Structure formats: structure tokens, C-alpha cells
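Chain residues, written in single-letter form:
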Amino acid sequence: QVQLEESGGGLVQAGDSLRLACAASARTFSSYAMGWFRQAPGKEREFVAAISWGDGSASYADFVKGRFTISRDKAKDTVYLQMNSLKVEDSAVYYCADRAEGAYEYDYWGQGTQVTVSS
């Protein structure tokens, strides 16, 4: 079990930046990776970025490469998503997810934080 709590969402203008945080608590297993996903109204949830808890290697969706950066603080059991040069199409609910060691999927999810980018 683990509890994930996202924070940092809000309303910004196109071109602005936001930093999302996902704090894990009550963890009972070791994490293999943590990721960020997003879901816009009327659209399916999509992958944004992920980071390996062990070596910190990161992967990104093509549409955020060069603009978003994922990082983690192992001591705080927290993962961050720095979002720069935000676009209107980045507006969505952003979810944090955790994938346990030995697992094939992200089995644990936070409640999400709303990001709205205005033009």
C-alpha cells in the first residue's frame, strides 16, 4: 500500500511554468518507478513522464520532451514534474502513479491535481 498526494496544480497562462509534486506516504513496498499521467475532458488518460526510483532514469512522452522534467527526492519519497512553456493543450488533471518492484503496471494512483492553461 502507498498513499500518493499530488499538489502544485493551478491556473496559469500559456508560456508559464508550474511544478507539480507527488508525495508518497504509508508505503509498504519498494517502488520501481513513479510516473505522471494526465487526462483532459473527453480524452483518455495518457502517459506524461516516468522516473526509475533506483537510478533516476527518466522517460517522456514526445509532446512534453524539452518542456517537462521529472525528478525525485528519495529521502522525501516525492516525485516532481517541472512544467515549462505550458500550452493550452497541457490543460488536464495530472495524476501521480507508483509502480512497485516486480509489478508490470502502475497500480497505485493519486487523486489528481488540475492544471489549466489559458491563452
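Placed above this text is the structure.
Small disclaimer: the values here were computed from a predicted structure and weren't measured.

How each quantity is defined
Sequence order as written defines the numbering, with residues in each chain counted from 1. Only residues with pLDDT of at least 70 get local features here, since the model is predicted, and only at 80 or more are side-chain atom pairs given and counted; chain-wide, interface and lining totals rely on the full set of residues. Only hydrogens and water are removed before side-chain values are computed, so all heavy atoms of the structure are retained for them. Two strands are said to pair when DSSP picks up at least two bridges between them. Here a strand is any run of E in DSSP of at least two residues, a helix any run of H or I of at least four, and the numbering for each starts at the N terminus. Think of it in three bands: residues with accessible area under 20% of the maximum for their type are buried, residues over 50% are exposed, and the middle band is partly exposed, with areas taken using a 1.4 Å probe on protein chains only. For helices, the fitted axis covers only the stretch in contact; all axes are lines through C-alpha atoms, and the angles between them, taken along N-to-C directions, range from 0 to 180 degrees. Polar contact is the term for a pair of N or O atoms within 3.5 Å; when the atoms are in protein, one must be able to donate a hydrogen and the other to accept it, and sequence-neighboring residues count only if both atoms are side-chain atoms. Two residues form a contact once any of their heavy atoms are found within 4.5 Å.

Trainee: Outline the pairing of strand β7 (residues 68-73), listing residues and values.
Mentor: With six bridges connecting them, β7 and strand β8 (residues 78-83) associate as antiparallel partners. In the sheet register, F68 faces β8, and the bridge partner there is M83. Counted along the chain from β7 to the antiparallel partner β8, the turn is four residues long, and its residue D77 has a positive phi close to 55°.

Trainee: I'd like a description of unusual backbone geometry, backed by residues and values.
Mentor: A positive phi angle, near 55°, is found at A26, a position not held by glycine. Structurally, the position occupied by A26 is in the loop between β3 (18-25) and β4 (31-39). Judged by relative accessible area, A26 falls into the exposed class, the value being 52%. The phi dihedral of D77 is positive, around 55°, even though this residue is not glycine. Mapped onto the elements of the fold, D77 is located in the loop between β7 and β8. Given a relative accessible area of 16%, D77 falls into the buried group.

Trainee: So, the sheet that holds β7: which residues are in play, and what are the values?
Mentor: Read across the open sheet, the four strands follow the order β1-β3-β8-β7; overall the sheet is antiparallel. Each having just a single partner strand, β1 (3-7) and β7 make up the two edges of the open sheet. Sheet twist, expressed as the mean angle between neighbouring strand axes with direction ignored, is 15°. Across five bridges, the pairing between β1 and β3 is antiparallel. If you follow L4 over to β3, its bridge partner there is A24.

Trainee: How would you summarise the side chain of T78 if you had to cite specific residues and measurements?
Mentor: With respect to the helices and strands, T78 occurs in strand β8. Among the polar contacts made by the side chain of T78, one reaches the main-chain carbonyl oxygen of K76 at a distance of 2.9 Å. Those residues within four positions of T78 in sequence are excluded, and the remaining contacts are A21, C22, A23, W53, S71, R72 and D73.

None of this, on its own, says anything about what the molecule does.
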